[in-house]
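# Structural description and commentary
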Amino acid sequence: MKALHRKLLRDFWQLRGQSLAIALVVIGGIATMVMAVTNRDALLQTRASFYESYHFAQVFANLKRAPNSIEQEIREIPGVDRVLTRVFAYVTIDMADFDDAVTGLAISLPEPGDDPLNNIYLREGDLPSLPDEVVVGEAFAEAHGLHPGDTLPANFNGRRQILRISGIGLSPEYIYQIRSGDMFPDFERFSILWMQKTALSTAFDLEGAFNQVSLTLTHDSSAQSVIDRLDDVLKPYGGVGAHDRHLQMSHRFLDEELKQLATMTRLFSTIFLAVVAFLLSVVIGRLIGTQREQIAVLKAFGYTRWQVSLHYVELVLLMVSVGVLPGMVIGSWMGNGMANMYMTFYRFPYLEWEISPVVWLMALAFAVSAGALGTAQGLWRAFRLPPAEAMRPEAPPTFRRTLSERLGLGHWLDAAARMVLRNLERRPLRSLFSIIGMGLSCGILVMSSLQENAIEEMLAVQFGLALRDDLSVHFSDPRDRRTLHELQSIEGVEAAEPFRTTAVKLRLGHREYTTSILGLEERSDLRRVLDTRLRTEQLPEEGLLLTDYLADDIGAKPGDMIEVEFMDGRREHLEVPLAATVTEYLGVGAYARRDWLNRIRQDGDLLSGAYLRVPEVHQARVVADLRNRPLVAAVSDRQASIDSFRDTMAENILAFTFVATLMAASIAAGVVYNSARIILSERARDLASLRILGYTRAEVRGLLLGELATLTLLALLPGFGMGFGLSYLLVEGMQSDLYRIPLVIRPSGFAFAATVLIVASAASAWLVLRRLDKLDLIAVLKTRE
């Protein structure tokens, strides 16, 4: 073994404690990166495979009713490859021993000879062979313990029908199974039902017709040109606007999740890279400073500058490489666990999860980059240090009165406290970087509380201030005001407020956005619109209110005239003023007074549904009554949706907090332990001298602990600031038209971060105190000045 290799192993063994601390941070960084990257890759690969294998469509359109003969006209549109016309309708489901409203989306299956699009993956059973058989979505089946052979009572257009479950299935069209208009998935109260087209058409008087079409495109086609042409074809038949996958609900939610994983990868990888680089900079800088004479001897004996520098490069690589394999293993374990959690939200038939060679290369690149960034300056010092200069000890630092002494604070402190402050002030850069490192760990912990706090804030605003109903009723088609009186007459209904929704395209200049206008009563109480300060915004007599995110997206400001293209009825094009902007955390949309909306559309006093106030004791009876009304397409229970979402998200929040805590604890332990070891190595002679002069072991311990405690306490406020900044970056990176995460950090989040940092610091200090107690006083005092 070469002499330099023996020295390499000896140095590594002597620095084993600090190397382990650095390795912990490397493990945390690589594990986080592997977890995020592997899950993102798994979702992307699984989605692509599922889409391709089961022929997920690329363009979608809903309409009122069109004869089957129109299918041929659609096929002749340039750029269209495959076409599938279907029938879909909302139905109500009666579950035994389940009082809440359950909605089903019934969709027709392809008939023999149809193009295979949006095919079904059967988890259990078979496709329907009889008119009363259905395939049920897996999420709903699991929530209610359903299996092939079970029966399912349902209300089809006012007619009660007993369905028999022939199979349990999944579809690329409903990977994220959420009811239209809902904020969160609710697997207990919403299901997809696939059944024969003839049976569904007959139940909803659509024989020889369809009300939904899906397309795939040729490779060289333009999606927008096909969409425009398809809209022209379907316009006479009540088409409400075709769209591509970007506006398909399941695909959009999955896309946002992929963006979040990419944001998390960039943010956390950068944090860990910076911390590892800082720790290596301190450790290697100090090591080169203490080994000046050894470097001089090596160069004097013929070792070149490159050989000496390479020796320290190998030491750095050895330190960081220790964390690569454990980081990969822990990241794989966390990634697999997170993937299983994703499967509860995103319903894939399988998950193609693997660690690709690219992920290994990324982990190695992370370690090498951290080493290069952290040790460049120290290695440059070793490279250019002349042997003659290196043979001399470093010049002692120039000591002067510190700031605290010049301000006269020394009179108020005892000798030990003055020594602690003096040492911190005389090495300001080291103290500053230690505070920044510990502050980062505190900041990550603060950020870990963001998710739970933000979700609670979103629920409080959306379901406490904006949505104040108990039940919301949605009709299959707009109805006149007499329907509202029918709802008000139901026993148990204390109040009913009508609303009207209509699909629109909003345009301003070259920008366009497809959404819907929600028409509310002038002084609606069960559905409020909030301004930017979360106060109730009065609906204008004329014009629109837009959510602030949507207004920014199309570049609109109050007073602008916005072109509105209605996607149903007569498809009017109108210019209306933007009255003001409002704030919402979930979704985007436009709001107006219902009477004004009905007036400009000139089609009567219509409503699409109603918000109901129903005391809890009467809700079961009211829901049972609504189930039997043919005009009711869906009933939503506000509190049930909140409870279901909380139950579903609880595991995710706990997992995120657990991972963030481990990450922050590893950073805190690494920074504090290395700071303590550096302090001990720099002050070993001073501490030993104090022991010889009569200081007790406890007093010497107090000096070291005082310095560490001061650094920890000084790191808290910057850490809180960093946590706020990191949370801001995370929030900004996750904004979308589906949801906006509010920046909410409660005092408990700061308290939790401070507690974990102090505990991690105490554990690191205990390890260093053990080395202090074993200090060889005679050997230390022989250190050459």
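Up top you'll find the structure we're talking about.
We now turn to the structure provided with this report. Note that residues are indexed from 1 along each chain, following the sequence as it is written. Local features in a predicted model are, by the rule used here, given only for residues with pLDDT of at least 70; side-chain atom pairs are given and counted only at 80 or more, and totals for whole chains, interfaces and linings are based on all residues. To get the side-chain values, take all heavy atoms of the structure and skip hydrogens and water.

Here we take up the overall build of the protein. Going along the chain from the N terminus, every DSSP run of H or I of four or more residues is numbered as a helix, and every run of E of two or more is numbered as a strand. Along the protein, the regular secondary structure elements total 24 helices and 20 strands. By its C-alpha atoms, the protein is 100 × 60 × 55 Å across when sized along the principal axes. Buried residues are those whose accessible area, probed at 1.4 Å on protein chains only, stays under 20% of the maximum for their type, while exposed residues exceed 50% and partly exposed ones sit between those limits. A burial count over the protein gives 54% of its 785 residues as buried. Each charge class in the protein was averaged separately, 80 positive and 91 negative side chains, and the resulting centres sit 14 Å apart. Counting rule applied: Lys, Arg positive; Asp, Glu negative; His and chain ends not counted. To locate a charge, take atom NZ for lysine, CZ for arginine, CG for aspartate or CD for glutamate.

The next subject is the pairing of strand β10 (residues 209–217). Within β10, nine of the nine residues are buried, which leaves the element mostly enclosed by the surrounding structure. Each pair of strands is called paired provided DSSP finds at least two bridges between the two strands. Relative to β10, strand β1 (residues 59–67) runs antiparallel, the two sharing six bridges. Following the sheet pairing, Pro67 is matched in β10 by Ala209. Relative to β10, strand β2 (residues 80–86) runs antiparallel, the two being bridged by six bridges. In the strand pairing of β10, Val83 is matched with Leu215.

On to the pattern of salt bridges. Whenever a carboxyl oxygen of Asp or Glu lies within 4 Å of a side-chain nitrogen of Lys or Arg, that contact is scored as a salt bridge. Under the criterion given, the structure shown has 37 salt bridges. The salt bridge partner of Asp115 is Arg75, with a shortest N-O separation of 2.8 Å. Taken together, the positions of Asp115 in the loop between β4 (102–108) and β5 (121–125) and Arg75 in helix α3 (residues 70–75) put the pair 40 residues apart, joining distant regions of the chain. As a salt-bridge pair, Arg86 and Glu173 come within 2.7 Å of each other at their nearest N and O atoms. A residue pair is termed long-range when its members are at least 10 positions apart, and Arg86 in strand β2 and Glu173 in the loop between β8 (159–170) and β9 (190–195) qualify at 87 residues. In this pair, the class of Arg86 matches that of Glu173, namely buried. Each of the salt bridges in this network shares a partner with another, and the network as a whole consists of Arg507, Glu512, Glu563, Glu565 and Arg571.

Our next topic: the sheet that holds β10. Reading across the sheet, the four strands line up as β2-β10-β1-β11 and stay open at both edges, with antiparallel pairing between neighbours. Every other strand in the sheet has two partners, leaving β2 and β11 (243–244) as the edge strands with one partner each. Contacts from helix α6 (residues 223–234) reach β1, β2, β10 and β11 within the one sheet, and its direction differs from that of β10 by about 165°. Any two residues having at least one pair of non-hydrogen atoms within 4.5 Å are treated as being in contact. The convention used is that axes are lines fitted to C-alpha atoms, helices contributing only their stretch in contact, and that angles between N-to-C directions extend from 0 to 180 degrees.

Attention now goes to the side chain of Asp231. With respect to the helices, strands and loops of the structure, Asp231 is situated in helix α6. Non-local contacts of Asp231, meaning those with residues more than four positions away in its chain, are made with Gly241, Ala242 and Lys505.

A separate point is the packing of aromatic side chains. For any pair of aromatic rings, geometry is given as the distance between the ring centres together with the angle between the planes. Note on ring pairs: Phe, Tyr and Trp rings are taken, using the six-membered ring of Trp, and paired if centres are within 6.5 Å. Classes follow the plane angle, with under 30 degrees stacked, over 60 edge-to-face and the rest tilted. Applying the stated criterion across every chain, the model contains 11 aromatic pairs. Judged by centre distance (6.4 Å) and plane angle (65°), the ring pair of Phe50 and Phe348 falls under edge-to-face. Linking Phe50 in helix α2 (residues 16–53) with Phe348 in the loop between α10 (324–345) and α11 (357–384), this pair joins segments that are 298 residues apart in sequence. For Phe348, a relative accessible area of 1% corresponds to the buried category. Between Tyr54 and Tyr121, the aromatic rings sit 5.8 Å apart at their centres with planes inclined by 75°, giving edge-to-face as the arrangement. Of the two residues, Tyr54 sits in the loop between α2 and β1 while Tyr121 sits in strand β5, which places them 67 residues apart along the sequence. Whether a charge lies above a ring is judged from NZ of Lys or CZ of Arg, which has to be within 6 Å of the ring centre and within 35 degrees of the ring normal. Positioned above the aromatic ring of Phe187, the side-chain terminus of Arg347 is 5.3 Å from the ring centre.

This next bit is on the environment of Leu146. With respect to the helices, strands and loops of the structure, Leu146 is situated in the loop between α4 (138–144) and β7 (151–156). The residues contacting Leu146, other than those within four sequence positions of it, are Met95, Phe140, Ala141, Leu152, Ile165 and Ile168.

Moving on to the pairing of strand β16 (residues 561–566). Note: strand β13 (residues 495–508) against β16, four bridges, orientation antiparallel. When the sheet's bridge partners are listed, Arg507 is paired in β16 with Glu563. The antiparallel pairing of β16 with strand β17 (residues 573–582) creates a hairpin that spans six residues between the two strands, and Gly569 there sits at a positive phi of about 65°.

Time to look at unusual backbone geometry. Generally, phi is negative for residues other than glycine and the peptide bonds are trans, each holding for most cases. In this structure, Asp205 takes a positive phi of about 55° despite not being glycine. What makes Asp205 partly exposed here is its relative accessible area of 46%. A positive phi angle is found at Arg571, which is not glycine, with a value near 55°. Mapped onto the secondary structure, Arg571 falls in the loop between β16 and β17.

The next subject is the environment of Arg535. With respect to the secondary-structure elements, Arg535 resides in the loop between β14 (511–520) and β15 (544–547). Along the sequence, Arg535 and Leu465 sit 70 residues apart, while their C-alpha atoms lie 8.5 Å from each other. Residue contacts for Arg535: discarding those within four places in its chain leaves Val529 and Leu530.

Structurally, Glu584 is set in the loop between β17 and β18 (590–593). By the criterion applied in these results, polar contacts are pairs of N or O atoms within 3.5 Å in which, for protein atoms, one can donate a hydrogen and the other can accept it, and in which residues neighboring in sequence qualify only through two side-chain atoms. Within the structure, Glu584 has its side chain in polar contact with the side chain of Arg527 (distance 2.9 Å). There is a polar contact of 2.4 Å between the side chain of Glu584 and the side chain of Tyr591. Beyond its immediate stretch of four places on either side in the chain, Glu584 contacts Gln462, Arg527, Thr547, Tyr591 and Arg740.

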